[in-house]
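Descriptive structure summary
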Amino acid sequence: MQAKRLKSAAARSAPVFAALGDQRRLRLLARLCSGGPGSITTLSSDGDVTRQAVTKHLRVLARAGLVRAVHQGRETIYRADTQQLHQAHQYFDIISRQWEEALARLKNLVEDP
Amino acid sequence: MTTTAAPSATTIQKKILIHAPRSRVWHALTTTSEFSKWFSVQVEGPFVAGKRLNMLSTYPHCTGNPSFYVTVERMEPEHTFSWRWHPGAANKESDETTQVEFHLEEVDGGTMVTVTESGFDRIDLARRAKAFEENTRGWQFQLESLRQYASEAA
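One pass over the structure, following the stated rule, counts 18 aromatic pairs over all chains. Ring centres of Phe35 of chain B and Trp83 of chain B lie 5.7 Å apart, and the angle between their planes is 85°; on these two criteria the pair is classed as edge-to-face. Here the residue Phe35 of chain B occupies a position in helix α2 (residues 32–39), and Trp83 of chain B occupies one in strand β6 (residues 80–85), the gap between them amounting to 48 residues. When its relative accessible area of 0% is taken as the criterion, Phe35 of chain B is described as buried. What makes Trp83 of chain B buried here is its relative accessible area of 0%. Judged by centre distance (5.9 Å) and plane angle (45°), the rings of Phe39 of chain B and Trp85 of chain B are tilted. Of this pair, Phe39 of chain B sits in helix α2 while Trp85 of chain B sits in strand β6, and the two are 46 residues apart along the sequence. Like Trp85 of chain B, Phe39 of chain B is buried. Here a set of aromatic residues connected by ring pairs shows up, and it is made of Trp99 of chain A together with Trp26, Phe35, Trp38, Phe39, Phe47, Phe68, Phe81, Trp83, Trp85 and Phe102 of chain B. Over the aromatic face of Tyr69 of chain B sits the side chain of Arg52 of chain B, whose NZ or CZ is 3.6 Å from the ring centroid.

So, on to the confidence of the model for chain A. When pLDDT is averaged across chain A, the result is 82; 87% of the residues are at 70 or more. Overall, residues 1–10 of chain A carries pLDDT values under 50, and its contacts beyond four positions in sequence, including any with other chains, amount to 11 contacts.

What follows concerns the nonpolar core. Membership of the largest hydrophobic core comes to 59 residues, with the highest contact counts inside it found for Trp99 of chain A together with Trp83 and Phe102 of chain B. When residues in this core are grouped by element, the largest group, 10 residues, is from helix α5 (residues 82–111) of chain A. The residues touching Phe102 of chain B, leaving out its near neighbours within four places in the chain, are Trp99 and Leu103 of chain A together with Leu29, Trp38, His79, Thr80, Phe81, Trp83, Val113, Thr114 and Val115 of chain B.

All names here are of chain A. Ordered in space as β1-β3-β2, the three strands form an open sheet in which the pairing is antiparallel. Strands at the two margins of the open sheet, each flanked by one partner only, are β1 (38–39) and β2 (67–72). Pairing between β1 and strand β3 (residues 75–80): two bridges, direction antiparallel. Bridge pairing in β3 places Ser39 opposite Ile77.

Residue and element names in this part refer to chain B. Note that Thr98 resides in strand β7 (residues 98–107). Side chain to side chain, Thr98 and Glu117 meet in a polar contact 2.6 Å long. With sequence-adjacent residues up to four places away left out, Thr98 is seen in contact with Trp83, Arg84, Trp85, Glu117, Ser118, Gly119, Phe120 and Ile123.

Residue and element names in this part refer to chain B. The geometry of helix α1 (residues 22–30) relative to α2 is characterised by a closest axis approach of 5 Å and an angle of 80° between their N-to-C directions. Taken together, α1 and α2 sit at an angle that is classed as roughly perpendicular. Counted together, Arg24, His27, Ala28, Leu29 and Thr30 of α1 and Thr32, Glu34, Phe35 and Trp38 of α2 form the full contact between these two elements. A per-class count over the contact of α1 with α2 returns four nonpolar, three polar and two charged.

This part is about the confidence of the model for chain B. Residue and element names in this part refer to chain B. Averaged over every residue, the pLDDT of chain B is 78; the share at 70 or more is 69%. Contacts from residues 1–8, a stretch scored under 50 in pLDDT, to residues over four places away or in other chains number 14 contacts. Note on residues 134–143: pLDDT is under 50 here. Beyond four places in sequence and across chains, it has 17 contacts.

Scoring rules and cut-offs
- Residues numbered from 1 in each chain as written.
- Chains lettered and ligands numbered in written order.
- Predicted model: local features only at pLDDT ≥ 70, side-chain atom pairs only at ≥ 80, totals over all residues.
- Heavy atoms only, no water.
- Phe/Tyr/Trp six-rings, centres within 6.5 Å; stacked < 30°, edge-to-face > 60°.
- Helix = DSSP H or I, 4+ residues; strand = E, 2+ residues; numbered from the N terminus.
- Buried < 20%, exposed > 50% of the residue type's maximum accessible area, 1.4 Å probe, protein only.
- Lys NZ or Arg CZ within 6 Å of the ring centre and 35° of its normal.
- pLDDT = per-residue confidence, 0-100.
- Contact = heavy atoms within 4.5 Å.
- Core = buried A, V, L, I, M, F, W, Y, C linked by side-chain atoms within 4.5 Å.
- Pairing = 2+ DSSP bridges.
- Polar contact = N/O pair within 3.5 Å; in protein donor to acceptor, adjacent residues only side chain to side chain.
- Axes fitted to C-alpha atoms, helices over the stretch in contact; angles between N-to-C directions.
- Parallel < 35°, antiparallel > 145°, perpendicular 65-115°, else oblique.
- Nonpolar A, V, L, I, M, F, W, Y, C, P; charged D, E, K, R; others polar.

Written as C-alpha cells, this is what we have:
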C-alpha cells in the first residue's frame, strides 16, 4: 500500500468505527446500502426517528466518509460510500487474523509437550 | 478455530478449543516466560492487575514502533485475563487503547479460550493493524495444519 494512501486511511479509520458504533447509524447506513440513495425526508419517513436525529446521524456518517451528500435542486440526497467501509473492514480482517495466529501458537505451545 | 458473530461492529472475537486442562492454559496465558513464546514478544516482570508492562514485539521484519505498553486490568485465576494496549501507536503514552480480554471455559475435551478485543472506535485502526503485519503467518498456519494432520493420522 502507498504510504500516502495508508496515512490518509489511518486518519479516517477511527471515525469510521466511531460512526459505526451506534445502532441507529448502522441501520441508516444499511438502508442506504440496500435501498439506494435517499433524502432526509425519505430516510425519516418510516417510523420513530425524527428528521433532526436523521440529520445528525447522517452528518456523523458523512464526516467519517461513509455517506456522501449530493445536492439536487432544493433537496440533499445521501448515498452510501462503501470505500471507507471496505478499507476499515480490511484492517479489521488483518487484526482478526493476527488473533487467530496468536491463539494457534498458544494451542501449539500448550498441547505439544 | 471459529469466528463468532461479534457483539458489536467494533469488536473482534475469536475462540479456540485447546486440548489441555484450564490450569495449564491459564499458566501459558499469564506466565510471562510462556506468554512471550506464543505471543512473540519480550516482556519483563509478572502480570499483575493494575500493573503496566512494556512489551517488545519479536516478530521478524516488524514494521513501525515494535515497543508498546500493556496495562493489566483483570486477573481472575483460570477465568479472565484482560489488558489495555495500543500497539503500533506513535505515542507510547497514548490513551487511545483497545481492551483485550481472554476468557477460559472448561468444556468437553479441554478448555475453550475466547479472546475479545474491543474499542476500535478509539484508536488509529491502520496503525493497530500494521503493528504485527509483517509476521510469520504462513509458517504458523502450515505448522498448525501439519500438527492437525499428524494427530489425525496417528
